[in-house]
Amino acid sequence: MQGIDGAVAALRAGALCVIPTETVYGLAADARNEAAVTRIFSTKGRPADHPLIVHLADSRDIDAWARKIPHYARLLAAAYWPGPLTLILPKHQDVPAIVTGGQDSVGLRVPAHELTRTVIAELGSGIAAPSANRFGKVSPTTAQHVIDDIGELLQSGDAVLDGGPCTIGIESTIVACTGAQPRMLRTGAITSSMIEETTGLDVLAADGTIRASGTLASHYAPAARVHIAEPRAVPTIPGAGLIALREIPIPAGMVRLLEAADDGAYARDLYAALRSADARGLRDVVAVLPTDAGLGSAIRDRLTRAAHSG
Ligand code: TXA
Ligand code: MG
């Protein structure tokens, strides 16, 4: 584990650094260093055409990475940065193609974690970082999760910055800002209605023309088989784990892995609960979907993909 200085030194030397954010942990490289960014893809086993998010220290840096920024995108940045919102914008010509997977747009976000923003500011660049898990698997919400997943793939010179458990626990909302209206590409803690409120514009649904790996049908998947259930129809699977709000009674013979008081706690603890199913060697997990709009719909999205095998 390194501190801020060690993290900055690693990034400056072209090595990788595991970074805390409020959503999930990231595996970062200096976004201007193509060789370093290439190592992110090989470490994660991620296809090269899946673009990375560039994390910035301050929303004022946006013009160094994007161009033709619509007014509504500036309103979103002003309202929600630092925070769990990624904006897809036309890329600045200087952004390396390896970062954007060859697309002409770039994903930008200012994370709400003081340690990481300090590291980026001291580096004086932006850092490209996907979630620090193996491709298609469960995202990490603690530094220990990252070490468990990819620790053996880190090299001497790489750094791990431990910023404690993530407070939000699911990945950022992704909004494409490349057209006249915002388009939702991935749900998260910043909801459609918040975006409509801030911009005064209707939010379009993803239409499949913009590809994002978090939008693959199968993603966020543990080794255990995930069965999604509605609150009124929780199946009894003897020996299976249960992931649900506290108010949902546990069927006989099952193991409670998550007992969330509300959707915020559900999101925060969800990935650790999926991981604990694997740590206990459970074959099946029943996940009871939250029913509220907003964060609830982002949790439903993640669980539906975790349940999709293949
Ligand atoms: O909360 C988060 O967003 C975390 C933390 C570390 O910031 N990061 C994260 O990164 O979830 P990743 O790579 O696991 O997911 C980012 C998603 C991918 O599905 C990627 O395809 C999409 O963002 N993306 C990035 N740049 C894009 C672009 N230019 N156009 C469309 N999608 C893009
Ligand atoms: Mg990811």
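Look above for the structure.
To keep things clear, this report deals only with the structure shown in the data block. Everything numeric here is computed off the predicted structure, so don't read it as measured data.

**What about the overall build of the protein?**
Turning to step 1, where the next piece is worked out: Along its length, the protein carries nine helices and 13 strands.
Turning to step 2, where the next piece is worked out: The globule rule puts the C-alpha radius of gyration for 310 residues at 19 Å, and the 19 Å found for the protein is close to it.
Turning to step 3, where the next piece is worked out: Within the span of the protein, comprising 310 residues, buried residues form 55% of the whole.
Turning to step 4, where the next piece is worked out: Across the protein, every contact between residues at least 6 apart in sequence was considered, and the portion connecting residues at least 24 apart equals 66%.
Turning to step 5, where the next piece is worked out: Computed over 28 positive and 32 negative side-chain charges, the separation of the two mean positions in the protein equals 4 Å.

**Things to note about the sheet that holds strand 13 (residues 284-288)**
Turning to step 1, where the next piece is worked out: Reading across from one edge, 10-13-11-12 is the order of the four strands in this open sheet, with parallel pairing throughout. Since the sheet does not close on itself, it has two edges, and those belong to strand 10 (225-229) and strand 12 (255-260), each with one partner. This sheet shows a mean twist of 20 degrees between the axes of neighbouring strands, independent of strand direction.
Turning to step 2, where the next piece is worked out: Alignment of strand 11 (residues 241-245) against strand 13, held across three bridges, turns out to be parallel. Bridge assignment links L242 to a residue of strand 13, and that residue is V286.
Turning to step 3, where the next piece is worked out: Each of strand 10, strand 11, strand 12 and strand 13 is contacted by helix 8 (residues 263-279), which is oriented at about 160 degrees to strand 12, the strand it contacts most.
Turning to step 4, where the next piece is worked out: Its contacts with the sheet place helix 9 (residues 295-307) against strand 10 and strand 13, and it is angled at close to 135 degrees to strand 10.

**Focus on the sheet that holds strand 1 (residues 17-19)**
Turning to step 1, where the next piece is worked out: Across the sheet, nine strands lie side by side as 7-1-2-6-3-5-4-8-9; this open sheet has mixed pairing. Looking at strand neighbours, the two that pair on one side only are strand 7 (159-160) and strand 9 (183-186), the edges of this open sheet.
Turning to step 2, where the next piece is worked out: Pairing of strand 4 (residues 85-90) with strand 8 (residues 173-176) involves four bridges; the strand directions are parallel. Following the sheet pairing, I88 is matched in strand 8 by A176.

**Let's talk about the pattern of salt bridges**
Turning to step 1, where the next piece is worked out: Considering all chains together, one arrives at 13 salt bridges under this definition.
Turning to step 2, where the next piece is worked out: Two residues, R268 and D269, come together in a salt bridge whose shortest N-O distance is 3.1 Å.
Turning to step 3, where the next piece is worked out: Connected through salt bridges with shared partners, the residues E171, D301, R302 and R305 form a single ionic network.

**Brief notes about the packing of aromatic side chains**
Turning to step 1, where the next piece is worked out: Summed over all chains, the structure comprises one aromatic pair.
Turning to step 2, where the next piece is worked out: Plain terms: the ring middles of Y220 and Y271 are 6.2 Å apart, the flat faces sit at 15 degrees to each other, and that makes the pair stacked. Here the residue Y220 occupies a position in the loop between helix 7 (192-199) and strand 10, and Y271 occupies one in helix 8, the gap between them amounting to 51 residues. Summarising the burial analysis for this pair, Y220 and Y271 share the class buried.
Turning to step 3, where the next piece is worked out: Sitting over the ring of W65, R32 keeps its end group 3.8 Å from the ring centre.

**Quick word on the packing of helix 8 against helix 9**
Packed helix pairs are characterised by how far apart their axes lie and by the angle those axes make with each other.
Turning to step 1, where the next piece is worked out: Where helix 8 meets helix 9, the closest approach of the two axes is 9 Å, and the angle between their N-to-C directions is 25 degrees. Considering their axes alone, helix 8 and helix 9 lie roughly parallel with respect to each other. Handedness of the crossing formed by helix 8 with helix 9: left-handed. Packed against helix 8, whose contacting residues are D263, G264, Y266, A267, L270 and Y271, the element helix 9 presents L295, G296, I299, R302 and L303 at the interface.
Turning to step 2, where the next piece is worked out: Residue composition of the contact of helix 8 with helix 9, grouped by class: seven nonpolar, two polar and two charged.

**Observations regarding the packing of helix 1 (residues 4-12) against helix 5 (residues 114-123)**
Turning to step 1, where the next piece is worked out: Where helix 1 contacts helix 5, the two axes come as close as 9 Å, and the packing angle between them is 45 degrees. On the basis of their axis angle, the class for helix 1 and helix 5 is oblique. Helix 1 and helix 5 meet at a crossing whose hand is right-handed. Side by side, helix 1 and helix 5 meet where I4, D5, A7, V8, L11 and R12 of the first sit next to L115, T118, V119, E122 and L123 of the second.
Turning to step 2, where the next piece is worked out: In terms of residue class, the contact of helix 1 with helix 5 is made up of seven nonpolar, one polar and three charged.

**Some details on unusual backbone geometry**
Glycine aside, the phi torsion of most residues is negative, and most peptide linkages are trans.
Turning to step 1, where the next piece is worked out: Note that the residue after W81, namely P82, is joined by a cis bond; omega there is -5 degrees.
Turning to step 2, where the next piece is worked out: Relative to the elements of secondary structure, P82 occurs in the loop between helix 3 (71-80) and strand 4.
Turning to step 3, where the next piece is worked out: For K68, which is not a glycine, the phi torsion comes out positive at approximately 45 degrees.
Turning to step 4, where the next piece is worked out: Turning to its location among the elements, K68 is positioned in the loop between strand 3 (53-55) and helix 3.

Cut-offs applied
- Residues numbered from 1 in each chain as written.
- Chains lettered and ligands numbered in written order.
- Predicted model: local features only at pLDDT ≥ 70, side-chain atom pairs only at ≥ 80, totals over all residues.
- Heavy atoms only, no water.
- Helix = DSSP H or I, 4+ residues; strand = E, 2+ residues; numbered from the N terminus.
- Rg over C-alpha atoms; globule rule 2.2 N^0.38 Å.
- Buried < 20%, exposed > 50% of the residue type's maximum accessible area, 1.4 Å probe, protein only.
- Contact = heavy atoms within 4.5 Å.
- Lys, Arg positive; Asp, Glu negative; His and termini not counted.
- Charge placed at Lys NZ, Arg CZ, Asp CG, Glu CD.
- Pairing = 2+ DSSP bridges.
- Axes fitted to C-alpha atoms, helices over the stretch in contact; angles between N-to-C directions.
- Salt bridge = Lys/Arg side-chain N within 4 Å of Asp/Glu carboxyl O.
- Phe/Tyr/Trp six-rings, centres within 6.5 Å; stacked < 30°, edge-to-face > 60°.
- Lys NZ or Arg CZ within 6 Å of the ring centre and 35° of its normal.
- Parallel < 35°, antiparallel > 145°, perpendicular 65-115°, else oblique.
- Left-handed = near helix turned anticlockwise from the far one by under 90°.
- Nonpolar A, V, L, I, M, F, W, Y, C, P; charged D, E, K, R; others polar.

Scope: geometric values only; no functional claims are made or implied.
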